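Single-letter residue listing:
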Amino acid sequence: METSQTHSSESMSKDLSELMKEATKEVHEQAENTPFMSNFQKGQVSLQEFKLVTASLYFIYSALEEEIERNKDNPVYAPVYFPAELHRKAALEKDLEYFYGSNWREEIPCPEATQKYAERLHYVGKNHPELLVAHAYTRYLGDLSGGQVLKKIAQKALQLPSTGEGLAFFTFDGVSNATKFKQLYRSRMNALEMDLATKKRVLEEAKKAFLLNIQVFEALQELVSKGQKNGHPVQPKAELRTRNVNKSCEHGPAPGKESERTNRRHTDMIPTTPLLRWILALSFLATTVALGLFAM
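### Observations concerning the overall build of the protein
Part 1: A count of helical and extended segments in the protein gives 16 helices and zero strands.
Part 2: Across the protein, every contact between residues at least 6 apart in sequence was considered, and the portion connecting residues at least 24 apart equals 83%.
Part 3: In the form shown here, the protein has an accessible surface area of approximately 14000 Å², with 48% of it arising from carbon and sulfur atoms.

### Quick word on the packing of aromatic side chains
Part 1: This structure, assessed with the given rule, holds eleven aromatic pairs.
Part 2: Consider the rings of Phe 50 and Phe 99, whose centres lie 5.9 Å apart with planes at 75°: the pair is edge-to-face. Remark: Phe 99 occurs in helix α6 (residues 89-100) and Phe 50 occurs in helix α4 (residues 47-70); sequence separation between them is 49 residues.
Part 3: Its relative accessible area of 13% is what places Phe 99 among the buried residues.

### Quick notes on the pattern of salt bridges
Part 1: Evaluated as defined, the whole model comprises nine salt bridges.
Part 2: Of the charged contacts, one joins Glu 205 and Arg 120 as a salt bridge, the two residues approaching to 2.6 Å between their closest N and O atoms. Taken together, the positions of Glu 205 in helix α11 (residues 196-229) and Arg 120 in helix α8 (residues 112-127) put the pair 85 residues apart, joining distant regions of the chain. Pair check on accessibility: Glu 205 and Arg 120 agree, each one buried.
Part 3: One salt bridge connects Glu 130 with Arg 201, and the closest N-O pair in it is separated by 2.8 Å. In this pair, Glu 130 sits in the loop between α8 and α9 (132-157) while Arg 201 sits in helix α11, placing the two residues 71 residues apart along the sequence.
Part 4: Accessibility expressed as a relative area gives 17% for Glu 130, which makes it buried.
Part 5: A residue is classified by how much of its surface remains accessible, and Arg 201, at 33% relative accessible area, is partly exposed.
Part 6: Among the ionic contacts, a cluster of salt bridges with common partners joins Glu 66, Glu 67 and Arg 70.

### A few points about the confidence of the model for the protein
Part 1: In the predicted model, the protein carries a mean pLDDT of 77, and the fraction of residues at 70 or more is 68%.
Part 2: Across residues 257-265, confidence stays below pLDDT 50; counting only partners more than four residues off in sequence or on other chains, it has nine contacts.

### Focus: the nonpolar core
Part 1: The biggest cluster of nonpolar side chains holds 65 residues, and the ones touching the most others in it are Met 20, Leu 86, Tyr 185 and Met 189.
Part 2: At the level of secondary structure, the elements contributing two or more residues to this core comprise α1 (16-23), α4, α6, α8, α9, α10 (178-190) and α11.
Part 3: Broken down by element, the residue count for this core peaks at twelve residues, all from α4.
Part 4: Dropping the residues within four chain positions of it, Met 189 is found in contact with Leu 16, Ser 17, Met 20, Val 80, Val 133 and Tyr 137.

### Re α6
Part 1: Compared with the 16 Å implied by 1.5 Å per residue over twelve residues, the 16 Å span of α6 between its first and last C-alpha is a close match.
Part 2: Considered for burial, the residues of α6 that qualify are Ala 91, Leu 92, Asp 95, Leu 96 and Phe 99. All buried residues of α6 lie within an arc of 135° about the axis, which places them on one face of the element. Turned more than 90 degrees off the buried face of α6, the exposed positions are Ala 90 and Lys 94.
Part 3: Positive phi shows up at Gly 101, right after α6, with a value of about 95°.

### So, the packing of α4 against α6
Part 1: For the pair α4 and α6, interaxial distance at closest approach is 9 Å and the crossing angle is 150°. In terms of their interaxial angle, α4 and α6 are classed as roughly antiparallel. As α4 runs across α6, the sense of the crossing is left-handed. Across the interface between the two elements, Leu 47, Phe 50, Lys 51, Leu 52, Thr 54, Ala 55, Leu 57, Tyr 58, Tyr 61, Ser 62 and Glu 65 from α4 touch Lys 89, Leu 92, Glu 93, Asp 95, Leu 96, Phe 99 and Tyr 100 from α6.
Part 2: In the contact of α4 with α6, the residues fall into eleven nonpolar, two polar and five charged.

### Topic: the packing of α8 against α9
Part 1: Interaxial distance between α8 and α9 falls to 9 Å at its minimum, and their mutual angle equals 135°. It follows that α8 is oblique to α9 by the angle criterion. Contact residues: α8 offers Tyr 117, Arg 120, Leu 121 and Val 124, while α9 offers Leu 132, His 135 and Arg 139.
Part 2: A class-by-class count of the residues in the contact of α8 with α9 yields four nonpolar, one polar and two charged.

### Focus on the environment of Ala 63
Part 1: For Ala 63, the location among the structural elements is in helix α4.
Part 2: Measuring from C-alpha to C-alpha, the distance between Ala 63 and Tyr 117 comes to 8.7 Å, with 54 residues separating the pair along the chain.
Part 3: Each residue touching Ala 63, except ones within four places of it in the same chain, is listed here: Ala 118, Leu 121, His 122 and Cys 249.

Criteria and cut-off values
Residues numbered from 1 in each chain as written. Predicted model: local features only at pLDDT ≥ 70, side-chain atom pairs only at ≥ 80, totals over all residues. Heavy atoms only, no water. Helix = DSSP H or I, 4+ residues; strand = E, 2+ residues; numbered from the N terminus. Contact = heavy atoms within 4.5 Å. Areas by Shrake-Rupley, 256 points an atom, 1.4 Å probe, with all protein chains shown as cover. Phe/Tyr/Trp six-rings, centres within 6.5 Å; stacked < 30°, edge-to-face > 60°. Buried < 20%, exposed > 50% of the residue type's maximum accessible area, 1.4 Å probe, protein only. Salt bridge = Lys/Arg side-chain N within 4 Å of Asp/Glu carboxyl O. pLDDT = per-residue confidence, 0-100. Core = buried A, V, L, I, M, F, W, Y, C linked by side-chain atoms within 4.5 Å. Expected span 1.5 Å × (residues − 1). Arc of directions from axis to C-beta. Axes fitted to C-alpha atoms, helices over the stretch in contact; angles between N-to-C directions. Parallel < 35°, antiparallel > 145°, perpendicular 65-115°, else oblique. Left-handed = near helix turned anticlockwise from the far one by under 90°. Nonpolar A, V, L, I, M, F, W, Y, C, P; charged D, E, K, R; others polar.

Here it is, written out as structure tokens:
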């Protein structure tokens, strides 16, 4: 990760999309060989895990897309504004209704790590919108890259209907050709005007996006593990402050109430210990869709 943090002026003259790949290269290489990814590709994923991931993704995409809408006319984001093609909130709402029923809004949990992710997205959108592209690129292009393969795996492993119920998140009706669309998106992103300092900040924000996804994954896996150790299904509402937290996840902290502790969280997120690096590799999935389930 050390090399991804030290870019020369010459290397930073490359396209932003290329710099993004270089900045996360180590993570990609490690992720390809993680036991978790291998297990998922073998169809070893539980319905409970999938439901919890879908719930967290709802809060993450709600926050991301609220901030995208806030900045859709801002030149630092407008060129990569593709709501009809990319936005996932409505699809996730369909999936959650399928999994949890009509009262899904009262049922789904929002762990602290998910809340933290949503807070970061709101903070960036309101205060540093030039960094929003790092989060959008990390999530949406990951969804497009691995989504269709993982959709088939999840459908088979979880015995979901062949008609697609519970899998709307993976379906991009507005994208007829994923490869061509990703090329278009990258070209638009590369055309964003930003100086050297801003490019560096965008790359650092992409790393933070990875870590935030990892923390979401870690929290959800811990929740599932607790249920398994206790010998009964996970009951997230008993452990999480669902009602109040859900409001915070969807709408972000109240104006003027982002604490000093929250601000500190925004500035120091890159893992340094071997354990966190291992988690980073294990949870690359969290960077790219459901539970961090997909490879870019």
